[in-house]
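Chain by chain, the residues run as shown.
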Amino acid sequence: MYFNVFGEKVSRARYREMLNAAKNRRELIAAGLTSRRTLFKMGLLTAGGMLVTQGGLSARAQTNPPSSGSTNSPGTNQLCLPSNQTASPATRAFIEPLVVMPLARNVSHLSPAPTENPNTGAGEVRAAPFQAPQIDPVRFPVVPGTLYQFNQRQFTTRQSPDLPQQTIWGYDDGTGTRSPGPTYRAFYGSPQLTRNINSLPAVTQVNNTGFGLPSVTTHLHNGHTPSESDGNPCDFYGPGHFCDQYYPNVLAGFNSDHAPQGDINESLSTLWYHDHRVDFTSQNTYKGLIGFYCLFNQFDTGDEGSGFHLPSFPQYDIPLAFNDKVYDPESGDLVFDLFNLDGILGDKFLVNGKIQPFFEVQPRRYRFRLLDTGPSRFYEFFLTDLNNLNNANPYWLIGTDGNLLPNPVQITSVRIGPAERVEVIIDFRPFAGKTIYLENRLNQLNGQGPVDNFGPGGTSQECSANLGMTVPQILPAGLGNLLLQFRVSSRAVADNSVDPATNPTFYQLPSTNVDPRIVRTFKFDRLNGQWSINGQFMDCNQFRFAVQQNSVEQWLLMNLSGDWTHPIHIHLEEHQILSRNRAAPTLPADKGRKDVTQLHPNERVQLFFRFRDWLGKYPIHCHNVVHEDHAMMALWHVVAQGDDVRVP
Amino acid sequence: MDISRRKLLGWTALAPVAAAAEAVAGLTGKTAGMGGPATASDLARQRIQRMHFPNVPLYTHEGKRVMFYDDLVKGKIVTMNFFFARCDEICPMVMANLSRVQQRLAADLNKRLFMYSLTLKPEEDTVDAIRQFREMHHARPGWTFLTGKPQDLEKVRRGIGFSYPNPVVDKDKTQHIGNVRYGNEPLMLWAACPGMAHADFIAESVSWMIHPEQNRIQPS
């Protein structure tokens, strides 16, 4: 039996039609940018030359909001049915250039000057005094040498020339408001401080665009950050208030097992910042509150003439933020599905704030930092040459989440989920004079996660059997989502960056051969539609367990929630994956240090942690931000004497 | 059987519902056609209404006929959850929790805050049944229990996101979604928390709809 999103029975033929519409949409994206000849070659054009009919533009044409006068309401996803949301208006692809976010501009001073204790009289909202100056006031002065002032503001921007101006939120470092915000260029050994000022408009009937709460807390994702500056979800503030956040830019271990400099093998590179307001993170990040924070040191210098000789930042080292969004079919305004519990998928793909941009590159090596900002989609990135679809185009994986792998690994694709990052090196020399694409070929139908191929219970087999047509996990080349177009110049240029094929060594993985003080178990489940951790729910007033400062722990993450994939994020310290279902990790992206781990259906993942240096409160949560906002989060804290709660 | 008697009584009272108007009411204040073009905010609010708040007739525990959007949601700060009187899985916990929540929010309840509990089984949860069930939970004025025609409640349930992606699970009422929606309709603020979360935190979350810009610090 088949259902549409209104819960009405539909025929099998109609159901297949809906699925075909989804396929047609992908074809249409391709049609917008390739010649008729190419389409024939790809087998996409029918003999009659008709690509799609008007009604088949999008799977979501079936699920448009009912016209006024009707009282039908859409439901959530149906199994195997692509997406549950509105179909966005058509937009042309690859006619606007990629925006590379400018570097954040620092300021000479802040007024009033930052204070060790929260300056509540001036309107500051901070949970506790700065920890770093208490450890070493010379190395970490209360007013460090590098200062930033970021205002969160509402502004208007165009995300596609075919859509109207969008009123969204972004960060202003004094040079104008943008989303993603300006990119921090930070250095180990140079502590810095950001004054995050909430300058969003007060929420009124007139200035709300339909989602978002102007109440913020800015988290530096993956930072080894003292808790008062971490951007805790439960410490938030409204317009007119600010928080000074101290980023020591110091290696983990500096105040414990690797004093005083910290462990070089804990070096971080690609961090990002985003709003983390409890219950409203999905809306506020969807509305634009995201940005990059790139951290360098004496090896990862940002200069291809020194250190590891990685492509120079920012010219050949490009942060790319990926997200998917939906626009109202009539007004073209950005919309957010406020009543979704499962996870939200968009039908428009943005890179650095623009729908399907192009990027003119030179035939040489580039370093890209790929970030999935969610809300709920997973990506598997392939390089696609539409004129040569049978070719697998290899590139190099050099980093996962916030750091470099020990050595580059050659890959043809890599998968990330919400909040995960990968760093890759693409050598464009073989493509000189050509146009190629970064393509997401991972098939995801709804908020549950990618179509999984975990045997008979997996959605791939289930949906294939149900529908009588193949529902693959990985879509054929050219039929996925073309995200970014690379136009490769034919003019040869200098390239002093290291060739990954020479197998350069970056850092070593810290040893995990240490007995943990405690093993804790976290069961991620869905109890009557409520996202839970160990049967409990987010509560800002409760610390669920106490980690002992400077101790080793193992955490066992278990997924009991059936078909769902959860990207689990833990603040403060990175972890290493010891095992997945009792076997050592095999994917290259699983072998590095991580701050988000994908927890697949019915999986059991064992993580290794060292909790060092700082004290205070942090969360563990699902980074499918829709799950996170519906209470799949728990607070814990680091204290001098930890507890023995094994199932928090 | 008791259920049939209740059902009969209930649906006799509800009989006129069938012919009820299905029109979607416009918003008050400035909207398209009422003194100038609709702003983006107007359009957004109308869109949320169209997508999520079917203006269907429902019946309160007092037997009063109300329109879901016009009478219950429009211009208000609300909480919404689903239950059925014979549910012995999670409903008792959720309803007991909401009973504590209403006490913590007593100052605003029935003034600017309104709590709604809607039945998942209107065929057995008649007006009489939900009134009795409500009394069991010592509900104060401002916490309204609702029943109605099954197809109308189904539209509301789907509209406000109390359904599962898997149709088989969705039909199993023992697995029904135990969340509590909270929102401020004119300000277009909507979120949800688990009905089984701690009552203090549910109450605090709902209070954000009353004071959306309040600051909060959790001591370390």
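What you see is a predicted model; the values in this text were computed from it and never measured. Throughout, residues of each chain are indexed from 1 in the direction in which the sequence is written. For this description, chains carry letters from A and ligands carry numbers from 1, given in the order in which they are written. Side-chain atom pairs in this predicted model are given and counted only at pLDDT of 80 or more, local residue features only at pLDDT of at least 70, and totals for whole chains, interfaces and linings cover all residues. Computation of side-chain values covers all heavy atoms of the structure but excludes hydrogens and water.

What's the story with the confidence of the model for chain A in this structure? I'm lost.
Predicted coordinates in areas of low pLDDT are best not read in detail. All names here are of chain A. A score between 0 and 100, pLDDT records how confident the predictor is in each residue. Per-residue confidence for chain A gives a mean pLDDT of 88, with 85% of residues at or over 70. Contact definition: two residues touch when any of their heavy atoms are within 4.5 Å. Under a pLDDT of 50 for its full length, residues 3-8 has, in the predicted model, 25 contacts with residues more than four places off or in other chains. Across residues 21-78, where pLDDT falls below 50, the model places 133 contacts with residues more than four positions away in sequence or in other chains.

Would you explain the sheet that holds strand S5 (residues 143-147) of chain B in this entry?
Neighbouring strands of a sheet are bound in pairs by backbone hydrogen bonds; such pairs are parallel or else antiparallel. Residue and element names in this part refer to chain B. Strand order in the open sheet formed by seven strands is S2-S1-S5-S4-S3-S6-S7, and the pairing between neighbours is mixed. With partners counted over all chains shown, the strands left at the sheet margins are strand S2 (65-67) and strand S7 (189-194), one partner each. Across the sheet, the mean angle from the axis of one strand to that of its neighbour is 30°, orientation sign disregarded. Any two strands with at least two DSSP bridges between them are considered paired. In this text, helices come from DSSP runs of H or I with a minimum length of four residues, and strands from runs of E with a minimum of two, each type numbered from the N-terminal end. Looking at chain direction, strand S3 (residues 77-83) and strand S6 (residues 179-184) are connected through four bridges and run antiparallel. Across the sheet, Met-80 pairs through a bridge with Arg-181, a residue of S6. Whenever a helix is involved, its axis is fitted only over the stretch in contact; in every case the axis is a line through C-alpha atoms, and angles between N-to-C directions fall within 0 to 180 degrees. Packing against the sheet, helix H8 (residues 199-210) makes contact with S3, strand S4 (113-119), S6 and S7, and its axis sits at approximately 20° to S6.

I tried to follow the packing of aromatic side chains on my own but got confused; where do I start?
The relative placement of two aromatic rings is captured by the distance of their centres and the angle of their planes. Residue and element names in this part refer to chain A. Any two rings among Phe, Tyr and Trp, with Trp reduced to its six-membered ring, count as a pair given centres within 6.5 Å; such a pair is stacked if its planes are under 30 degrees apart, edge-to-face if over 60, and tilted if neither. If you walk through the whole model with that rule in mind, you get 56 aromatic pairs over all chains. An angle of 65° between the planes, with centres 5.1 Å apart, marks the rings of Phe-308 and Phe-506 as edge-to-face. Of this pair, Phe-308 sits in the loop between strand S11 (290-296) and strand S12 (317-327) while Phe-506 sits in the loop between strand S24 (481-488) and strand S25 (518-527), and the two are 198 residues apart along the sequence. We note that Phe-308, like Phe-506, is buried. What links up through ring pairs into an aromatic cluster is the set Tyr-148, Phe-150, Tyr-171, Tyr-184, Tyr-247, Tyr-273 and Tyr-293. In this scheme, Lys NZ or Arg CZ marks a charge over a ring once it lies within 6 Å of the ring centre and within 35 degrees of the ring normal. Its guanidinium or amino end placed over the ring of Phe-130, Arg-126 lies 3.7 Å from that ring's centre, counting from NZ or CZ. Over the face of the ring belonging to Phe-382 we find Arg-441, whose NZ or CZ atom lies 4.0 Å from the ring centre. When accessible area is computed with a 1.4 Å probe and restricted to protein chains, residues below 20% of their type maximum are described as buried, those above 50% as exposed, and intermediate ones as partly exposed.

Help me understand the pattern of salt bridges in this model?
Two side chains carrying opposite charge are able to pair once their charged atoms lie near each other. All names here are of chain A. When a carboxyl oxygen of Asp or Glu lies within 4 Å of a side-chain nitrogen of Lys or Arg, that pair is called a salt bridge. Enumeration according to the criterion identifies 46 salt bridges over all chains in this entry. Here Asp-244 ties to Arg-195 by a salt bridge, and the two come within 2.7 Å at their closest N and O atoms. Residue Asp-244 is found in strand S9 (residues 242-247), and its partner Arg-195 is found in strand S7 (residues 192-198); the two are separated by 49 residues along the sequence. A relative accessible area of 0% means that Asp-244 is categorised as buried. Residue classification places Arg-195 among the buried residues on the basis of a relative accessible area of 3%. Where Glu-573 meets Arg-612, a salt bridge forms, and the shortest distance between an N and an O atom there is 3.3 Å. With Glu-573 in the loop between strand S29 (566-570) and strand S30 (575-580) and Arg-612 in the loop between strand S33 (604-611) and strand S34 (616-622), this residue pair connects regions lying 39 residues apart in the sequence. With respect to burial, Glu-573 and Arg-612 carry one shared label: buried. Because the salt bridges share partners, they merge into one network encompassing Asp-257, Glu-266, Glu-573, Glu-574, Arg-593, Arg-610 and Arg-612.

I would appreciate a short explanation of the confidence of the model for chain B in the present structure.
Residues and elements named next belong to chain B. Mean pLDDT over chain B: 84, with 83% of residues reaching 70 or higher. Contacts from residues 1-34, a stretch scored under 50 in pLDDT, to residues over four places away or in other chains number 57 contacts. The complex prediction reports pTM at 0.88, with the ipTM value standing at 0.87.

When you look at helix H2 (residues 40-52) of chain B in this model, what are you seeing that I'm missing?
In an α-helix, one turn spans 3.6 residues; hence positions three or four apart end up facing the same way. To estimate how far a helix should reach, multiply one less than its number of residues by 1.5 Å. Look at H2(B): 18 Å from first C-alpha to last across 13 residues, which is about the 18 Å you get at 1.5 Å a residue. Counted residue by residue, H2(B) has 10 buried out of 13 residues, so it is predominantly covered. By the burial criterion, the buried members of H2(B) are Ser41(B), Asp42(B), Ala44(B), Arg45(B), Arg47(B), Ile48(B), Gln49(B), Arg50(B), Met51(B) and His52(B). Of the surrounding secondary structure, the elements contacted by the buried residues of H2(B) are strand S13 (334-335) of chain A together with helix H3 (68-73), helix H6 (150-159) and S7 of chain B.

Explain the state of the cysteines here, please?
The bond known as a disulfide is covalent and runs between the sulfur atoms of two cysteines. Residues and elements named next belong to chain A. Cysteine sulfur atoms are paired as a disulfide whenever they come within 2.5 Å of each other. Counted under the stated rule, the structure contains two disulfides over all chains. A sulfur-sulfur distance of 2.0 Å marks the disulfide that ties Cys-234 to Cys-540. With the S-S bond torsion at -80°, the cross-link from Cys-234 to Cys-540 turns out left-handed. With a gap of 306 residues between them, Cys-234 in the loop between strand S8 (218-221) and S9 and Cys-540 in the loop between strand S26 (530-533) and strand S27 (543-548) connect regions that are remote in the sequence. Considered together, Cys-234 and Cys-540 belong to a single accessibility category, that of buried residues. You can see Cys-243 has no disulfide; the closest cysteine sulfur is in Cys-234, sitting 14 Å from it. We classify Cys-243 as buried; its relative accessible area is 7%.

Can you walk me through the pairing of strand S28 (residues 551-559) of chain A in this structure?
Within a regular strand, the side chains alternate between the two sheet faces. Residues and elements named next belong to chain A. Of all nine residues in S28, eight are buried; the element is thus mostly enclosed. Pairing between S25 and S28: seven bridges, direction parallel. Its bridge partner being in S28, Ile-518 is matched across the sheet by Glu-553. In terms of strand pairing, S28 meets S33 through eight bridges, oriented antiparallel. Paired with Trp-555 across the strands is Leu-607, a residue of S33.

It is not clear to me how the nonpolar core should be interpreted in this structure. Could you clarify?
One recurring pattern in soluble globular proteins is that nonpolar side chains are buried together. In terms of nonpolar packing, the biggest core is built from 89 residues, with Phe53(B), Phe68(B) and Leu118(B) touching the most fellow members. Not counting residues up to four positions away in its chain, the partners in contact with Phe68(B) are His52(B), Phe53(B), Pro54(B), Asn55(B), Val56(B), Leu58(B), Val73(B), Met80(B), Leu118(B), Val156(B) and Ile160(B). What makes a nonpolar core is a set of buried Ala, Val, Leu, Ile, Met, Phe, Trp, Tyr and Cys residues whose side-chain atoms join them at distances within 4.5 Å. With 35 residues, the next largest nonpolar core counts Val250(A), Leu572(A), Cys622(A) and Trp636(A) among its residues.

Whenever I open this one, the interface of chain A and chain B confuses me. Can you help?
Reports of interface size often rely on the accessible area that becomes lost once the parts have come together. At the junction of the two partners, chain A supplies 79 residues and chain B supplies 63 residues. Of the roughly 5800 Å² buried at the junction of chain A and chain B (both faces included), carbon and sulfur atoms supply 56%. On inspection of chain A and its partner chain B, the count reaches one salt bridge. In protein, a polar contact means a hydrogen-donor-capable atom and an acceptor-capable atom, both N or O and within 3.5 Å, with residues adjacent in sequence counting only if both atoms are side-chain atoms; elsewhere, any N or O pair within 3.5 Å suffices. Taken together, chain A and chain B are joined by 22 residue pairs in polar contact (both at pLDDT 80 or more). Residue classes follow a fixed rule: Ala, Val, Leu, Ile, Met, Phe, Trp, Tyr, Cys and Pro count as nonpolar, while Asp, Glu, Lys and Arg count as charged, and any other residue, Gly among them, counts as polar. For the side of chain A that touches chain B, the residue count by class is 32 nonpolar, 35 polar and 12 charged. The buried area of a pairing is the accessible area, by a 1.4 Å probe, that goes missing from both parts when the two are put together, added over both.

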